[in-house]
Amino acid sequence: MSEKEFNLEELRKELQEAVAEATNAMENAAEEAADTVEEAAEAAPAAEEASAEPVRETAESVKETADEAPETTEAADGQNTESAEEGEKAEEAVPESAENTQITKEYPEEEIVAVTNEPLKAEMYEDLEAEKAEREAKAAEAAAAREAQKAAEKEAEARKAAEQSREEQPVVTDAFDRDAITAAVMASHEKVARETEEQALKEVKKKKKRVRARRTARNIGLTFVLLLLLAGIAGGAYYYMVRYYATRFLTGTVINGKDVSGMTTAEVKQDLFGVTDTYKLTILERGGKTEELTSKQLGRSYIDNSQVETIMEEQENEKWLFRMNDEKVYEVTFDMAYDKKLAQDAINRLECFVGGGITAPKDARLSTDPSGKYIVTPEEEGNTLDEAKAKEMIIAALDEAAPEVDLEAGDCYLKPTVYRDDEKLNKRADAWNAYLSVNVTYSFGDKSETVNGETVRPYITDNGFDVYLATDWVKTLVYAWGQKYDSFGLEREFTTHDGITIKIPAGGDYGWCINKEKTIEDVTECILNGTTGTREPVWLFKAMGWDNNDITGTYCEVSIPEQHLWCYKNGVCVMDTDVVTGKPTRERMTFTGCFAIDGKKRDATLGRLDVQGYASPVSFWLPFNGGEGLHDAPWRSNFGGDIYKSNGSHGCVNIPKEKMETIFNALEIGNAVIVYDDKTPVSSVSAQPAQDGTADSNG
C-alpha cells in the first residue's frame, strides 16, 4: 500500500482520540459552568452589557456552524462520489500530515468547507479548530487582563481621591472644637475610603465573574462546534469507507487461509490463482530421477467461477465499522484447464518414455560363481514403464493439479516374472550343486582319475523346470579307464635282464583288470550322492603293483631261446639258472606271456597216469598257467642248451632242485612270470637291467 493510500487503522485511532478529547472538554466545561452558575447570576446585571455581545457572537457562530454542517456533509458526500470515480486523483489530493502543520491565520468559510469536504483531511480540520480555539482563548485572556487593569486603575483613582479629600479638609482654629471636628472628619474620611475600597473590590470581583462567564460560554460554544465538526468528519469518513469497501474486502476477511483485508477481487484471484503461471507437475521416477511438466508446456489457464466476486457481494460493506475486530473465513475452489494435445505431446517427450537409458527388467536366473557353484542371480527391475498405465497416472495428476506424481509408488514399471526367492529356481540351483558337488579321485598307482563337477556338468540337463543327470556316459568313462589302465592278458613292454626292451605278446593272466560293471555302479552312486574323497575302482584282477610296468620288483623272467631263468626279489636278481622248457610242439610247448603265480606248494605230484600218462613228484611247485608252472625236476641231470627241442617238458619250466628252492622262497602267489621266445628290441632306448644277485643254490 502506497503512502497516499488510505490507512483505515490510523483514521480509526485518530477518530477515537478526537472523540476522547471532545468528551474531556465537555466534562471540563460542565464543571466550570457548575462552579460559576451562582457567580454568573450575581454578576448578571453588571456583566450583562459586558458579556451580551460576545455571547451573542458565540451563539451566532455556533448557529451558523450548525446550519453549515449538513451542507458540509452533503458536500463531503458529493466530493466522495467524485473521488471514487476519479480513482487516484482523490488519493493524490490528500496532503501529507507533515505538510499540513503550517496553517494560515485566517480561515475563510469556504476553506473550512473544503476541509470538511475531504473525509481524509480530518487531521487538518482538527488542527484548524484547535488553532482557532487557542486564538479565542488568548483573546479572552487579553480581555480579562484589560478589565482587571481597568479595575486596578479605578481602585487607584479612588485611593487618590480619598487622599485628596483628607488634604482638603478646612483647618479648625477654634480650640474647643478642633479635636472633635478633626476626629469627626477623619472618621468620615476613613468610612468613605473603606466604602470606596469595598466598592472597587466588588467591581473587580464582578468583572472577574463576567470574564469567567464569557469564558465558560465560549468554551461551551467551542465544544459544541467541535462536536459538530467531529460529527461531520466521522460521517464523511464512514461513508467514504462504505464506498471504499464496495470494491475491497472488509477487515478480517480470510479466503483459503489467506488474509485478504483491503484487497480487490482481482488482487485476490491473482494471489490465490496465480498457479496458472507457476504450476508444475514433478514426475518422480525410479532411481531418484525426476522430470517436470510446466504450466507453459501444458497450456494451463484458470477458469473463473466467480466465487470470489460472490463473497465480495455478500460481505455487507456498510457494516465495515462493526467488522474491524471480527474475522470471517471462506473457502473457495477453482478449476484449471489445460490443453490436452499440448499435454500429450509433452508427456510423449519425457525421457522416461523415449530416453536412451531405459533398461528392460530381467528375471532372476541361475549362474555360477568363480568356483563353479550354481547361484541364483537376483532379478533386475530395470526402468521400463508400462506406458499406458504411466501416462494415465500422469494425466490424472494433471486433472487434479497435483504437485507431483510417483510412478514407482503407482506401480507403473514392468516387473520381472521370476524373482530370487522363486522356489523352482532355487530347487534347480540345489540340484545342479548336488550333482556338481561330487569330487572323487580313483587311484591307478601313481596316476589317478577324478570325477567332479566339471566331469559331470556336460551331462546335466536343465529344461527350466527340472534338472536331470544322464548316467549312461559313466559306462563310457569306466571302459576308457579299462583301456588306459587294464594290463591283464594284454601285450606289454618288458625290459629283460640285459636291458633290452621287448614286446611281451598278449596272453597270460597277470595284470590289472577293472570290474567294469561294479565300477560303473560305484561312480554313478558317488555322483548322485555328491561323494568326495579318494577311492579305488572295483578290480576284477590285480597286479602286484604299478611300478616296472605293473611287474614290480619281484618276478621271474624265462627266456625260451636262451633256456634260462632269472628270479628277482625287490628288484634284485636272487637266482638265475638254466632251465628246460616245453618241447616246441603244439601239444607240449610253453606258452609265452605274462602270467601270475596261482599257487605255491611243497611236495606235489604233477600229472596223472590215467590222464597225462605220467605222475611226477616234485619238492617245490609254483603253477602260473593252469598246468604249467615252475618246479624242480629230480629226474633231469642236465638243463639248458637245446634239450627242450628234443626232450622238452610238457609245458612246465624244469629247474634244478637246489635252484628251485631259492626261487620258491623268493616268489609269492600273484607275482609275475614273464615268458618270451622273441627278443627283438622295441627301441634302442633301454631301461637299466635288474641287478644280478648271488643266490644260494641250496635255497
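Nothing here was measured: the structure is a model prediction, and the numbers come from that model.

Asks: Can you break down helix H16 (residues 516-529) residue by residue, with the values?
Replies: With 14 residues, H16 ought to run about 20 Å at 1.5 Å a step, and its terminal C-alpha atoms sit 20 Å apart, in line with that. Looking at H16, one finds that the buried residues are Lys 516, Thr 519, Ile 520, Asp 522, Val 523, Thr 524, Cys 526 and Ile 527.

Asks: Could you give an account of the sheet that holds strand S21 (residues 564-569), with specific residues and numbers?
Replies: Strand pairing in a sheet relies on backbone hydrogen bonds, with the paired strands running either antiparallel or parallel. Spatially, S22-S21-S20-S28-S23 is the arrangement adopted by the five strands of the open sheet, whose pairing is mixed. A strand with exactly one partner marks an edge of an open sheet, and here the two such strands are strand S22 (572-578) and strand S23 (593-596). Averaged over neighbouring strand pairs, the angle between their axes works out to 15° when direction is ignored. One ladder, built from four bridges, connects S23 with strand S28 (residues 672-676); its direction is antiparallel. What sits directly across from Ala 596, in S28, is Ala 672. In the packing of helix H18 (residues 657-666) onto the sheet, the strands contacted are S21 and S22, and the crossing angle to S22 comes to about 145°.

Asks: Lay out the sheet that holds strand S18 (residues 532-535) with the relevant residues and their values.
Replies: One open sheet accounts for three strands, arranged S12-S11-S18; its pairing is mixed. Sheet topology places strand S12 (447-451) and S18 at the edges, where each strand pairs with a single neighbour. This sheet shows a mean twist of 20° between the axes of neighbouring strands, independent of strand direction. Sheet topology note: the strand S11 (residues 439-444)/S12 ladder contains five bridges and is antiparallel. Across the sheet, the residue bridging to Tyr 442 is Glu 449, located in S12. Contacts from helix H15 (residues 472-485) reach S11 and S12 within the one sheet, and its direction differs from that of S12 by about 175°. Packed onto the sheet, H16 meets S11, S12 and S18 and runs at close to 155° relative to S11.

Asks: Which residues make up the packing of aromatic side chains, and what values go with them?
Replies: A complete count under the given rule lists 21 aromatic pairs for this structure. Seen from their ring centres, Phe 444 and Tyr 485 are 3.9 Å apart, and the 10° between their planes marks the pair as stacked. Separated by 41 residues along the polypeptide, Phe 444 in strand S11 and Tyr 485 in helix H15 bring together distant segments of the chain. With respect to class, Phe 444 is no different from Tyr 485; both count as buried. Ring centres 4.8 Å apart and planes at 50° place the aromatic pair Trp 512 and Trp 539 in the tilted group. Remark: Trp 539 occurs in strand S19 (residues 539-541) and Trp 512 occurs in the loop between strand S16 (501-504) and strand S17 (513-514); sequence separation between them is 27 residues. Neither Trp 512 nor Trp 539 differs from the other in exposure class; each is buried.

Asks: Go over the side chain of His 564, please, and point to the residues and values.
Replies: Relative to the helices and strands, His 564 resides in strand S21. Owing to a relative accessible area of 14%, His 564 belongs among the buried residues under this scheme. Within the structure, the side chain of His 564 is placed 3.3 Å from the backbone nitrogen of Thr 577, a separation counted as a polar contact. The contact partners of His 564, leaving out residues within four places of it in the chain, are Glu 557, Val 558, Ser 559, Asp 576, Thr 577, Asp 578 and Val 579.

Asks: How would you explain the pairing of strand S25 (residues 616-625) if you had to name every residue and give the values?
Replies: S25 sits mainly inside the fold: eight of its ten residues count as buried. Where S25 meets strand S26 (residues 628-632), four bridges bridge the pair, whose relative direction is antiparallel. When the sheet's bridge partners are listed, Asn 625 is paired in S26 with Glu 628.

Asks: I'd like a description of the nonpolar core, backed by residues and values.
Replies: Tyr 442, Val 456, Ile 460, Trp 481, Val 523, Ile 527 and Ile 674 are the most contacted members of the largest nonpolar core, which totals 44 residues. With sequence-adjacent residues up to four places away left out, Ile 527 is seen in contact with Ala 434, Tyr 435, Val 438, Val 451, Val 456, Leu 469, Trp 473 and Val 474.

Asks: Which residues make up a positive patch on the surface, and what values do they have?
Replies: Taken together, the side chains of Lys 202, Lys 205, Lys 206 and Lys 208 make up a positively charged region of the molecular surface. Inspection of the secondary structure puts Lys 205 in helix H5 (residues 175-244).

Asks: Help me get a handle on the environment of Tyr 485, residues and values and all.
Replies: You can call Tyr 485 buried: its relative accessible area is 6%. Sequence-wise, Tyr 485 and Trp 546 are 61 residues apart; in three dimensions their C-alpha atoms are separated by 9.7 Å. Among all residues touching Tyr 485, those that are not within four sequence positions of it are Phe 444, Lys 447, Ser 448, Glu 449, Trp 512 and Trp 546. Within the structure, the side chain of Tyr 485 is placed 3.3 Å from the side chain of Lys 484, a separation counted as a polar contact.

Asks: Account for the pattern of salt bridges, with residues named and values stated.
Replies: Counting across every chain of the model gives 26 salt bridges. Look at the salt bridges and you will find they share partners, linking Arg 286, Glu 381 and Glu 408 into a network.

Asks: Can you explain the confidence of the model for the chain? Please cite residues and give values.
Replies: For the chain, mean pLDDT is 78; residues scoring 70 or higher make up 71% of the total. Considering only residues more than four positions removed or in separate chains, one finds that residues 40-123, a stretch of pLDDT under 50, has 80 contacts. The low-confidence segment residues 684-699, where pLDDT is below 50, has 40 contacts with residues more than four positions distant or belonging to other chains.

Asks: Can you lay out the environment of Gly 599 for me, pointing to particular residues and giving the numbers?
Replies: Examined against the element boundaries, Gly 599 turns out to sit in the loop between S23 and strand S24 (601-606). Classification of Gly 599 by relative accessible area gives buried; the value is 12%. As a C-alpha pair, Gly 599 and Gly 629 span 30 residues in sequence and 9.2 Å in three-dimensional space. In this structure Gly 599 touches Trp 621, Leu 622, Pro 623 and Ile 669, once residues within four positions along its chain are discounted.

Cut-offs used in this document
- Residues numbered from 1 in each chain as written.
- Predicted model: local features only at pLDDT ≥ 70, side-chain atom pairs only at ≥ 80, totals over all residues.
- Heavy atoms only, no water.
- Helix = DSSP H or I, 4+ residues; strand = E, 2+ residues; numbered from the N terminus.
- Expected span 1.5 Å × (residues − 1).
- Buried < 20%, exposed > 50% of the residue type's maximum accessible area, 1.4 Å probe, protein only.
- Pairing = 2+ DSSP bridges.
- Axes fitted to C-alpha atoms, helices over the stretch in contact; angles between N-to-C directions.
- Contact = heavy atoms within 4.5 Å.
- Phe/Tyr/Trp six-rings, centres within 6.5 Å; stacked < 30°, edge-to-face > 60°.
- Polar contact = N/O pair within 3.5 Å; in protein donor to acceptor, adjacent residues only side chain to side chain.
- Core = buried A, V, L, I, M, F, W, Y, C linked by side-chain atoms within 4.5 Å.
- Patch = residues over 30% accessible without salt bridge, like charges linked within 9 Å, V, L, I, M, F, W, Y side chains within 5 Å.
- Areas by Shrake-Rupley, 256 points an atom, 1.4 Å probe, with all protein chains shown as cover.
- Salt bridge = Lys/Arg side-chain N within 4 Å of Asp/Glu carboxyl O.
- Lys, Arg positive; Asp, Glu negative; His and termini not counted.
- Charge placed at Lys NZ, Arg CZ, Asp CG, Glu CD.
- pLDDT = per-residue confidence, 0-100.

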